[in-house]
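Remarks on the overall topology
The chain contents come next:
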Amino acid sequence: MAAPIPAAARLSAPPPWALGRVPGLTRGERPLALARLDGGSVNEVFRVDSGCGSFVLRLNGPAWRRPGVDRDRELLLHGAAAAAGIAPGIVHAEPDREGLLITDYHAGRLWCEQDYAQVPALHRLGARLQQLHALPAPDIAQFDPWPVAGAYLRQIEAAPPAWLLPQQLAAPLARLERSCAALDLSSSPSCIVHGDLAQNNLLEGSRLWLLDWEYAQRSHPLMDVACVLAYYPSAQRHGAELASAAGLGAVGPRDEELAERVYVYRALAWLWHLARAERATAP
């Protein structure tokens, strides 16, 4: 991924053409209210209120072309989740025009790090993941993390941080390649996975909403559990309960397939930071 958009480079408001796609503003009406939403470090995201309701408007930031992001795949999988009431409904989308995405707005509280240490919260998340993973998986390619890692590596090599030594990459990348190969050889079920269950993407509102589907993939359901355990160490002692709530049975943090997937997420997150020239602990 690229670095976050500097504050000075961010849009103060969506352009008129994008606002004109919002219901209630299609004839040039002015929004009743307009505010930037917190959470994203790369995309431009706004709440827009009109006479027809409240909506979220998302546009690409200047560095939206990041490893693992595919706007057409995002729209397909978000749409499937929205139809099941797991994600906010899609109101309008033009992925080829600055990644425009307009969805329903839902009031609520974004998760924080402490939520991942709470068993009731993890039970709610697991139940939502079980619903997601039960949806029919579209006929798209299975997620392969190794090419994503390679794309990050090319970004890092093109502009290496001064403090990064090449030998620091060797062992983690070799381990990541082995993990990806092991997962590729396994005969595993595949389903829709969210792929980025960070705290800014979970909204406690009228229900637990899963937001931001740009890293959604077709993959093994354990990938979503692994994502949580990789991002939030406080969840690890409750990993078995999260997996059980997600309908995955008696899977613990020491399960070999889960451990491999946790490493994949940690390694990709590490490469993500390095691509942004940010220091990070190797996985």
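These lines cover the structure that appears in this document, whether it is placed above or below. (Residues numbered from 1 in each chain as written. Predicted model: local features only at pLDDT ≥ 70, side-chain atom pairs only at ≥ 80, totals over all residues. Heavy atoms only, no water.)

Some points on the sheet that holds strand β2 (residues 44-50)
The strand order β1-β2-β3-β5-β4 describes an open sheet built from five strands, whose pairing is antiparallel. The sheet is open, and its two edges are formed by β1 (33-36) and β4 (90-94), each paired on a single side. The sheet shows a mean angle of 15 degrees between the axes of neighbouring strands, taken without regard to direction. The sheet contacts of helix α2 (residues 71-83) involve β3 (53-59), β4 and β5 (100-104), and relative to β4 the element is tilted by about 170 degrees. (Pairing = 2+ DSSP bridges. Helix = DSSP H or I, 4+ residues; strand = E, 2+ residues; numbered from the N terminus. Axes fitted to C-alpha atoms, helices over the stretch in contact; angles between N-to-C directions. Contact = heavy atoms within 4.5 Å.)

Points about the packing of aromatic side chains
The final tally for this structure, using the stated rule, is four aromatic pairs. Seen in terms of ring centroids, Tyr116 and Tyr232 are 3.6 Å apart; in terms of plane orientation they differ by 10 degrees. Their pairing is stacked. Highlighted residues: Tyr116 in the loop between β6 (109-110) and α3 (119-133) and Tyr232 in the loop between α6 (222-231) and α7 (239-245), separated in sequence by 116 residues. The two residues Tyr116 and Tyr232 agree in class, both being buried. Their ring planes at 85 degrees and their centres at 6.0 Å tell us that Tyr231 and Tyr265 sit as a pair that is edge-to-face. Separated by 34 residues along the polypeptide, Tyr231 in helix α6 and Tyr265 in helix α8 (residues 256-275) bring together distant segments of the chain. (Phe/Tyr/Trp six-rings, centres within 6.5 Å; stacked < 30°, edge-to-face > 60°. Buried < 20%, exposed > 50% of the residue type's maximum accessible area, 1.4 Å probe, protein only.)

Here's the deal with the sheet that holds strand β8 (residues 202-204)
Sheets are built from strands that pair by backbone hydrogen bonding, the pairs being arranged parallel or antiparallel. The sheet built from three strands is open, its strands ordered β6-β8-β9 with antiparallel pairing. Looking along the sheet, the strands with just one partner apiece sit at the ends: β6 and β9 (208-210). Across three bridges, β8 lies against β9 in antiparallel orientation. Note that in β9 the partner of Leu202 across the bridge is Leu210. Running over the sheet, α3 touches β8 and β9 and is turned about 55 degrees from β9.

Considerations on unusual backbone geometry
Unusually for a residue other than glycine, Glu98 sits at a positive phi of about 60 degrees. Here Glu98 is to be found in the loop between β4 and β5. Within the chain, Asp212 stands out as a residue other than glycine whose phi angle is a positive 55 degrees. Along the polypeptide, Asp212 turns up in the loop between β9 and β10 (217-219). Accessibility expressed as a relative area gives 31% for Asp212, which makes it partly exposed.

Some details on the layout of surface pockets
Remark: the empty space left among the atoms is shown by a probe the size of a water molecule rolled over them. Considering only enclosed or pocket space, the second largest pocket measures out at about 240 Å³ in volume. Looking at the lining of the second largest pocket, the element that brings in the most residues is helix α5 (residues 167-185), giving three residues. Broken down by class, the residue content of the lining of the second largest pocket amounts to five nonpolar, five polar and three charged. (1 Å grid on protein atoms, 1.4 Å probe; cavity = no way out; pocket = protein on both sides within 12 Å on 5 of 7 lines; lining within 4 Å. Points joined across faces, edges and corners; volume = space filled by probe spheres on them. Nonpolar A, V, L, I, M, F, W, Y, C, P; charged D, E, K, R; others polar.)

Description of the nonpolar core
Core analysis: the largest hydrophobic core is formed by 59 residues, its most contacted members being Leu125, Leu132, Leu210, Trp213 and Leu271. With 10 residues, α8 is the single largest residue contributor to this core. Every residue in contact with Leu271, bar those within four places of it in the chain, is listed here: Ala149, Tyr152, Ile156, Leu169, Leu173 and Leu176. Membership of the second largest hydrophobic core comes to 12 residues, among which are Val22, Phe46, Phe55 and Leu100. (Core = buried A, V, L, I, M, F, W, Y, C linked by side-chain atoms within 4.5 Å.)

Here we look at the side chain of Asp49
In this fold, Asp49 is placed in strand β2. For Asp49, a relative accessible area of 13% gives the class buried. Polar side-chain contacts of Asp49 include one of 2.9 Å to the side chain of Arg47. At a separation of 2.9 Å, a polar atom in the side chain of Asp49 contacts the side chain of Ser54. (Polar contact = N/O pair within 3.5 Å; in protein donor to acceptor, adjacent residues only side chain to side chain.)

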